[in-house]
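Coordinate inspection notes
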Amino acid sequence: MRNKLQLRLRKTILFFGLLLLYVIAALVWWFISLEKQNKKMYHSGLQQLNMIVNKSATPSLYDKELNKLQEEYHRNQVKYAGEGIVFLGLIIVGAAVMFRSLRRQIIMQQQQQNFMMAVTHELKTPIAIAKLNLETLLKHKLDEQKQTKLLTMTLDETKRLNFLTNNILISSQLEDSRHTVTKEELDFSDLLKAKVAEFTNRINDRQFICEIEEDTDINADPLLLEILVNNLIENAVKYSDKNSRITVRLQKKDVSIILQVIDEGQGIPDSEKKKIFSKFYRIGDEATRTQKGTGLGLYLCKLIADDHSADISVSDNIPKGSIFAVNFKA
Ligand code: ADP
């Protein structure tokens, strides 16, 4: 997929390069032919001058007329060169603007295609698992323990579906202001503890550490806050190794409430730290990426943070991993 994108970009660069070369060649040719014409006019003017004015009889008149001719010749030269440079400058700027927007469009198109593929895959998998589990429950008389296991698995898959559809729906609603943000006073500490408990139950190979300051009240939309927390913890799980620790920290500092989700995973290079909050953006190569995803999670987190006048950022965790921080200003 990445190769396809590179090929299209290369073709675009080649097309613009050739177009620019052609325009520059046409401009040079245009300048040369105008210069030739200018010279011709100068020489015919000189011939006329030699015929009309006698150089030895009236040298001062002759010099004056010759000066005029030469001045006109130089003025024309400067005019043609000036026009050529302005024209070339405009063409280069225009081509650069067009190239940038075309490049952005190609990348966006590619990201949208990747997103569609990822969504299709992410929707199909939980549906297939849930279908299989329910069919098994219907067909076979299983003991209670096995039934509970299958039902819990099915419930987990429907939660995944719910998470994904929520991400898609809410981000499109927030984008065009269709989601009415309903803020209320709520206990962020309780919401966060409940979320961590949910993850601890679901994911056994991770150690979740809670550093949550009690009674941290916040004025926020509960659904959006839950989606934000869900996405950050889900990413921490997705992008770090099994058995590594994930710390969820909530602190009150002066007039701010700071949420941090800290993992000990692969970390994020400095050059990618801003880009990951863009829509559909995913680090790395589509062909070699191992983690499933849509590139919507952090974009949605940023939209939610903006709606709560909060800042979201990522920094390095020492010695390993990332710290995602959301700073809510009271
Ligand atoms: P995705 O569905 O791909 O996870 P996100 O918008 O949530 O989309 O994240 C964008 C990209 O940022 C991810 O593809 C991943 O490369 C990177 N990323 C997000 N969270 C982390 C993390 N905790 N550690 C390392 N990389 C991360």
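Look up: the structure comes first, before these words.
Read on for a plain summary of the structure.

About the criteria used
- Note that residues are indexed from 1 along each chain, following the sequence as it is written.
- Note on the predicted model: pLDDT of at least 70 is required for a residue's local features to be given, and 80 or more for side-chain atom pairs to be given and counted; whole-chain, interface and lining totals, by contrast, use all residues.
- Excluded from the side-chain calculations are hydrogens and water; all other atoms, namely the structure's heavy atoms, are used.
- By nonpolar core we mean a set of buried residues, namely Ala, Val, Leu, Ile, Met, Phe, Trp, Tyr and Cys, connected to one another through side-chain atoms within 4.5 Å.
- Exposure classes here rest on a 1.4 Å probe applied to the protein chains alone. A residue is buried below 20% of its type maximum, exposed above 50%, and partly exposed in between.
- Elements are defined by DSSP. Helices are runs of H or I of four residues or more, strands are runs of E of two residues or more, and each kind is numbered from the N terminus.
- We call two residues in contact whenever any of their non-hydrogen atoms come within 4.5 Å of each other.
- Should DSSP find at least two bridges between two strands, the strands are regarded as paired.
- For this purpose, a residue is taken to be near a molecule or strand whenever a single non-hydrogen atom of the residue falls within 4 Å of it.
- Distance and chemistry together define a polar contact, namely a pair of N or O atoms within 3.5 Å, with one atom able to donate a hydrogen and the other to accept it when in protein, and with adjacent residues in sequence counting only for side-chain atoms on both sides.
- To be clear on the numbers: accessible area is Shrake-Rupley with a 1.4 Å probe, and residue cover counts the displayed protein chains and nothing else.
- All amino acids are sorted into three groups, where Ala, Val, Leu, Ile, Met, Phe, Trp, Tyr, Cys and Pro are nonpolar, Asp, Glu, Lys and Arg are charged, and the leftover types, Gly among them, are polar.
- In this analysis, axes come from line fits to C-alpha atoms, helices being fitted only over the stretch in contact, and the angle between any two N-to-C directions falls in the range 0 to 180 degrees.
- Working definition: a ring pair exists when centres of Phe, Tyr or Trp rings (six-membered ring for Trp) sit within 6.5 Å. Plane angles under 30 degrees give stacked, over 60 give edge-to-face, the rest tilted.
- Roughly parallel covers angles under 35 degrees, roughly antiparallel covers those over 145, roughly perpendicular covers 65 to 115, and oblique covers all other angles.
- Definitions for this section: a left-handed crossing has its near helix turned counterclockwise from the far helix by less than a right angle. A right-handed crossing has that turn clockwise.
- Salt bridges, as used here, are contacts in which a Lys or Arg side-chain nitrogen is within 4 Å of a carboxyl oxygen on Asp or Glu.

Phe188, Leu225, Leu232, Ile233, Leu259, Val326 and Phe328 are the most contacted members of the largest nonpolar core, which has 49 residues in total. Looking at this core element by element, the count peaks at nine residues for helix H5 (residues 222-238). Not counting chain neighbours up to four residues away, the residues in contact with leucine 259 comprise Phe188, Leu192, Leu228, Val229, Leu232, Val248, Arg249, Leu250, Phe324, Ala325, Val326 and Phe328. Leu49, Val53, Tyr62 and Tyr73 belong to the second largest nonpolar core, which has seven residues in total.

Time to look at the side chain of asparagine 230. Within the secondary structure, asparagine 230 is located in helix H5. We classify asparagine 230 as buried; its relative accessible area is 14%. Aside from chain neighbours lying at most four places away, what touches asparagine 230 is Phe163, Lys195 and Phe199.

Right, let's talk about the pairing of strand E7 (residues 322-329) for a bit. With six of eight residues buried, E7 lies mostly within the body of the structure. Bridging between strand E6 (residues 310-316) and E7 involves seven bridges; their strand directions are antiparallel. Note that in E7 the partner of isoleucine 312 across the bridge is valine 326. Between E6 and E7, which pair antiparallel in sequence order, lie five residues; one of them, glycine 321, sits at a positive phi of approximately 105 degrees.

So, about unusual backbone geometry. Backbone torsion omega between isoleucine 318 and proline 319 reads 5 degrees, so that peptide bond is classified as cis. Along the chain, proline 319 turns up in the loop between E6 and E7. Positive phi is not limited to glycine here, since asparagine 243 has a value of about 70 degrees. Structurally, the position occupied by asparagine 243 is in the loop between H5 and strand E4 (245-253).

The local shell around the ligand holds 18 residues, among which Asn235, Tyr239, Arg282, Thr294 and Leu298 are the closest. Residue glycine 297 places a main-chain N or O atom 3.3 Å away from an oxygen atom belonging to the ligand. Expressed as a share of its isolated accessible area of 530 Å², the protein-covered part of the ligand is 97%. The set of elements that each furnish at least two residues to the shell around the ligand consists of H5, helix H6 (297-307) and E7. Its residues assigned to classes, the shell around the ligand shows eight nonpolar, seven polar and three charged.

Turning next to the sheet that holds E6. Pairing is mixed across the open sheet formed by five strands, whose spatial order is E2-E4-E5-E7-E6. Where the open sheet ends on each side, the last strands, each with one partner, are strand E2 (207-212) and E6. Averaged over all adjacent pairs, the angle separating strand axes in this sheet is 15 degrees, with direction ignored. This element, helix H4 (residues 188-202), spans E2, E4, strand E5 (256-263) and E7 of the sheet and lies at about 175 degrees to E2.

Okay, the packing of aromatic side chains next. For the structure shown, the criterion picks out seven aromatic pairs. Residues phenylalanine 15 and phenylalanine 16 carry aromatic rings whose centres are separated by 5.6 Å and whose planes lie at 90 degrees to one another, so their mutual orientation is edge-to-face. Residue phenylalanine 16 is classed as buried on the basis of its relative accessible area of 9%. Relative to phenylalanine 99, the ring of phenylalanine 16 has its centre 5.7 Å away and its plane inclined at 70 degrees; by these criteria the two rings are edge-to-face. Of this pair, phenylalanine 16 sits in helix H1 (residues 2-52) while phenylalanine 99 sits in helix H2 (residues 59-139), and the two are 83 residues apart along the sequence. The exposure class of phenylalanine 99 is partly exposed, given its relative accessible area of 21%. Taken together, Phe15, Phe16 and Phe99 form an aromatic cluster joined through their ring pairs.

With their axes 10 Å apart at the nearest point, helix H3 (residues 144-175) and H6 run at an angle of 45 degrees to one another. It follows that H3 is oblique to H6 by the angle criterion. Seen along the crossing, H3 lies across H6 with a hand that is left-handed. Together, Asn167, Ile170, Ser171, Leu174 and Glu175 of H3 and Gly297, Tyr299, Leu300, Leu303, Ile304 and Asp307 of H6 make up the contact between the two elements. Its residues placed into classes, the contact of H3 with H6 shows six nonpolar, three polar and two charged.

Using the criterion set out here, one finds 17 salt bridges in the structure. With a closest N to O distance of 3.5 Å, glutamate 135 and lysine 131 form a salt bridge. On the criterion of helical spacing, the pair formed by glutamate 135 and lysine 131 is a turn pair, its members being four residues apart in helix H2. On the basis of relative accessible area, lysine 131 is assigned to the exposed category, the value being 51%. For aspartate 316, the salt bridge identified is with lysine 273, shortest N-O distance 2.9 Å. Taken together, the residues span a long stretch of sequence, with aspartate 316 in strand E6 and lysine 273 in the loop between E5 and H6 at a distance of 43 residues. Beyond isolated ion pairs, a larger network of salt bridges with shared partners links Asp190, Lys193 and Glu214.

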